[in-house]
Amino acid sequence: MAKVPAAAVAATGLVGGYAVARFTKKRPLGGVVLAAAGAVAAQQWRQSAGGKTAAVLSTAYVAAFAASHPLAKKVGAWPAVFGVAGGVGLASWVLVDRRG
């Protein structure tokens, strides 16, 4: 079985967390999805590229989540979420996944 790239896990966590929160109207449930995917991605980052890179990308993941809120007021919720998810996914691919 092939391993899912950490970039895909992280981007899916951001998009999936928002989607779950929006469609279930239960923000904590979306937070569970966001946190679970973030934890899986962080573990993959640490295993593949070490603790320092994992810390940088984990910080970027949390910052992207936080940045999506004010960005949504300017461009809309879905474009904001897809934008930050793409940014984190790209960073993960550049720093970790393209090596493999």
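I will try to describe carefully the structure that is included in this document. Throughout this document, residue positions are counted from 1 along each chain, in the order its sequence is written. Local features in a predicted model are, by the rule used here, given only for residues with pLDDT of at least 70; side-chain atom pairs are given and counted only at 80 or more, and totals for whole chains, interfaces and linings are based on all residues. Here the side-chain values reflect all heavy atoms present in the structure, with hydrogen atoms and water set aside.

A closer look at the packing of aromatic side chains
Now for step 1: In this analysis, rings of Phe, Tyr and Trp, with Trp reduced to its six-membered ring, are considered paired at centre separations within 6.5 Å, and the interplanar angle assigns stacked below 30 degrees, edge-to-face beyond 60, and tilted for intermediate values. Per the stated rule, a full pass over the model turns up three aromatic pairs.
Now for step 2: Look at Y18 and W78: their rings are 4.7 Å apart centre to centre, the planes differ by 80°, and that puts the pair in the edge-to-face class. Taken together, the residues Y18 in helix α1 (residues 6-24) and W78 in helix α4 (residues 77-95) connect sequence positions 60 residues apart.
Now for step 3: With relative accessibility at 22%, the residue Y18 sits in the partly exposed group.
Now for step 4: An aromatic cluster is present here, built from Y18, F23, W78 and F82 joined pairwise through their rings.
Now for step 5: Any Lys NZ or Arg CZ found within 6 Å of a ring centre and within 35 degrees of that ring's normal is scored as a charge over the ring. The lysine or arginine in question, R98, covers the ring of W93, its NZ or CZ lying 5.8 Å from the ring centre. Counting from the N terminus, the helices are DSSP H or I runs at least four residues long and the strands are E runs at least two residues long. Whether a residue is buried, partly exposed or exposed follows from its accessible area with a 1.4 Å probe, protein chains only, as a fraction of its type maximum: under 20%, in between, or over 50%, in that order.

Observations concerning the environment of R99
Now for step 1: Of note, R99 is situated in the segment after α4.
Now for step 2: C-alpha of R99 to C-alpha of S48: the two residues are 51 residues apart in sequence and 8.8 Å apart in space.
Now for step 3: Dropping the residues within four chain positions of it, R99 is found in contact with S48 and A49. Any two residues whose heavy atoms approach within 4.5 Å at even a single point are treated as in contact.

A look at a nonpolar patch on the surface
Now for step 1: Patch members must show over 30% relative accessible area and no salt bridge, and they are joined within 9 Å when carrying like charges or within 5 Å when they are nonpolar side chains of Val, Leu, Ile, Met, Phe, Trp or Tyr. Computed with a 1.4 Å probe, the accessible areas rest on the Shrake-Rupley method; for each residue, only the protein chains presented here act as cover. In the sections that follow, a salt bridge refers to a side-chain nitrogen of Lys or Arg positioned within 4 Å of a carboxyl oxygen of Asp or Glu. Residues V56, L90, W93, V94 and L95 make up a contiguous nonpolar surface patch of about 430 Å² in total accessible area.
Now for step 2: The leading source of residues in the nonpolar patch is α4, at four residues.
Now for step 3: With respect to the element layout, L95 can be found in helix α4.
Now for step 4: A relative accessible area of 34% places L95 in the partly exposed class.

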